[in-house]
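Notes for the structure review
One letter stands for each residue in the lines below.
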Amino acid sequence: MKNTASLTVKRASALVAIAGALLATTGCTYTNQPATTIVYSASDGQMANLLGENNQQDIQLRNIMVIAANEASQGRVLGTILNQTEEDATVTLAFPTETLTVEVPAGQEVRLENDENELLLAEAGANPGLLLKDVEVSSNVTSSTATFNVPVLDGTLEEYAPYLPTAAATPSATETASSNG
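Residues numbered from 1 in each chain as written. Predicted model: local features only at pLDDT ≥ 70, side-chain atom pairs only at ≥ 80, totals over all residues. Heavy atoms only, no water.

Comments concerning the overall build of the protein chain
- Regarding its fold elements, the protein chain presents three helices and nine strands.
- Taking all 181 residues of the protein chain together, 29% fall into the buried category.
- Residue pairs at least 24 apart in sequence account for 54% of intrachain contacts in the protein chain once pairs closer than 6 positions are excluded.
- Element-wise, carbon and sulfur atoms account for 52% of the exposed surface of the protein chain, whose accessible area totals about 11,400 Å². (Helix = DSSP H or I, 4+ residues; strand = E, 2+ residues; numbered from the N terminus. Buried < 20%, exposed > 50% of the residue type's maximum accessible area, 1.4 Å probe, protein only. Contact = heavy atoms within 4.5 Å. Areas by Shrake-Rupley, 256 points an atom, 1.4 Å probe, with all protein chains shown as cover.)

See below:
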């Protein structure tokens, strides 16, 4: 009898040890937030939201960035602005160098990559690879504002080269050398 009780206790202890080991190795998400629940900008630009009365994301800015050759050159603002309200919205972006506005119809989106929606900064305000810090966004249809950092990129990446404001106006090195010679 004594051996049977001892064997049962040993088995129970082994099961508890195995269960503890399984919990220790698989329970990491118990204390850490799963990565799939973290909201982040999945592209080169940044996002911001303006909340409405019911804490809804009434105005959404997605993938906002500036394309420029350098801090003193013109900068083209790219990204998408969505208006989830039933009113036409005037969205204001206060960059360090100047303030720009975008009209977004009710329930619509404006893609700044489209030529008819071109939004230019007279001066980018930061060199490519840096951030325009504390860009404030607001609108006439929400009482909230948001502040975010906007990355500045250049035409190094092929997909952004067509949006570089100085791309068409800058003569190539060959043209410059032949006109000087």
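Regarding the pattern of salt bridges
- Across all of its chains, the model carries two salt bridges by this definition.
- Salt-bridge contacts for Arg 76 lead to Glu 118; the nearest nitrogen and oxygen are separated by 3.5 Å. One end of the pair, Arg 76, is in strand S3 (residues 75–83); the other, Glu 118, is in the loop between strand S6 (109–111) and strand S7 (119–121), with 42 residues separating them in the sequence. (Salt bridge = Lys/Arg side-chain N within 4 Å of Asp/Glu carboxyl O.)

Details of the pairing of strand S9 (residues 146–153)
- The buried count for S9 comes to six of eight residues, which makes it a mostly enclosed element.
- Here strand S2 (residues 57–68) runs beside S9; their pairing, made up of two bridges, is parallel. In the strand pairing of S9, Ile 67 is matched with Leu 153. (Pairing = 2+ DSSP bridges.)

Points about the nonpolar core
- Counting 30 residues, the largest nonpolar core has Leu 61, Val 66, Val 77, Phe 95, Leu 132 and Val 137 as the members making the most contacts within it.
- Of all elements in the fold, only strand S1 (46–51), S2, S3, strand S4 (89–94), strand S5 (99–104), S7, strand S8 (131–139) and S9 reach the threshold of two or more residues within this core.
- Ranked by the residues each element gives to this core, the list is headed by S2, at five residues.
- When near neighbours in sequence (up to four residues on either side) are disregarded, Leu 132 contacts Val 66, Phe 95, Pro 96, Leu 121, Ala 124, Gly 125, Ala 126, Phe 148, Asn 149, Val 150 and Val 152.
- Met 65, Ile 67, Leu 78 and Leu 164 belong to the second largest nonpolar core, which has six residues in total. (Core = buried A, V, L, I, M, F, W, Y, C linked by side-chain atoms within 4.5 Å.)

Remarks on the confidence of the model for the protein chain
- When pLDDT is averaged across the protein chain, the result is 84; 76% of the residues are at 70 or more.
- In the model of the protein chain, helix H3 (residues 173–180) stands out as the element of lowest mean pLDDT, 42, in contrast to S6, which has the highest, 98.
- In this model residues 168–181 is a low-confidence stretch, pLDDT under 50, and it forms one contact with partners more than four residues away in sequence or in other chains. (pLDDT = per-residue confidence, 0-100.)

Things to note about the side chain of Thr 80
- Mapped onto the fold, Thr 80 is located in strand S3.
- Residues contacting Thr 80, with those up to four places away along its chain left out, are Gln 60, Leu 61, Arg 62, Ile 64, Glu 109, Val 110, Arg 111 and Glu 113.

Observations regarding the side chain of Arg 76
- Residue Arg 76 is classed as buried on the basis of its relative accessible area, which comes to 3%.
- Only 3.0 Å separates the side chain of Arg 76 from the backbone oxygen of Leu 112, close enough to count as a polar contact.
- Within the structure, Arg 76 has its side chain in polar contact with the backbone oxygen of Glu 113 (distance 3.1 Å).
- Discounting residues that sit within four places of it in the chain, Arg 76 has contacts with Met 65, Val 66, Ile 67, Leu 112, Glu 113, Asn 114, Asp 115, Glu 118, Leu 119, Leu 120, Tyr 163 and Pro 165. (Polar contact = N/O pair within 3.5 Å; in protein donor to acceptor, adjacent residues only side chain to side chain.)

Things to note about unusual backbone geometry
- The phi dihedral of Asn 63 falls on the positive side, at around 55°, and the residue is not glycine.
- With respect to the helices and strands, the residue Asn 63 is situated in strand S2.
- Residue classification places Asn 63 among the partly exposed positions, given a relative accessible area of 27%.
- Not every positive phi belongs to a glycine, and Asp 134 is a case in point at roughly 55°.
- Here Asp 134 shows up in strand S8.
- Residue Asp 134 is classed as exposed on the basis of its relative accessible area, which comes to 56%.

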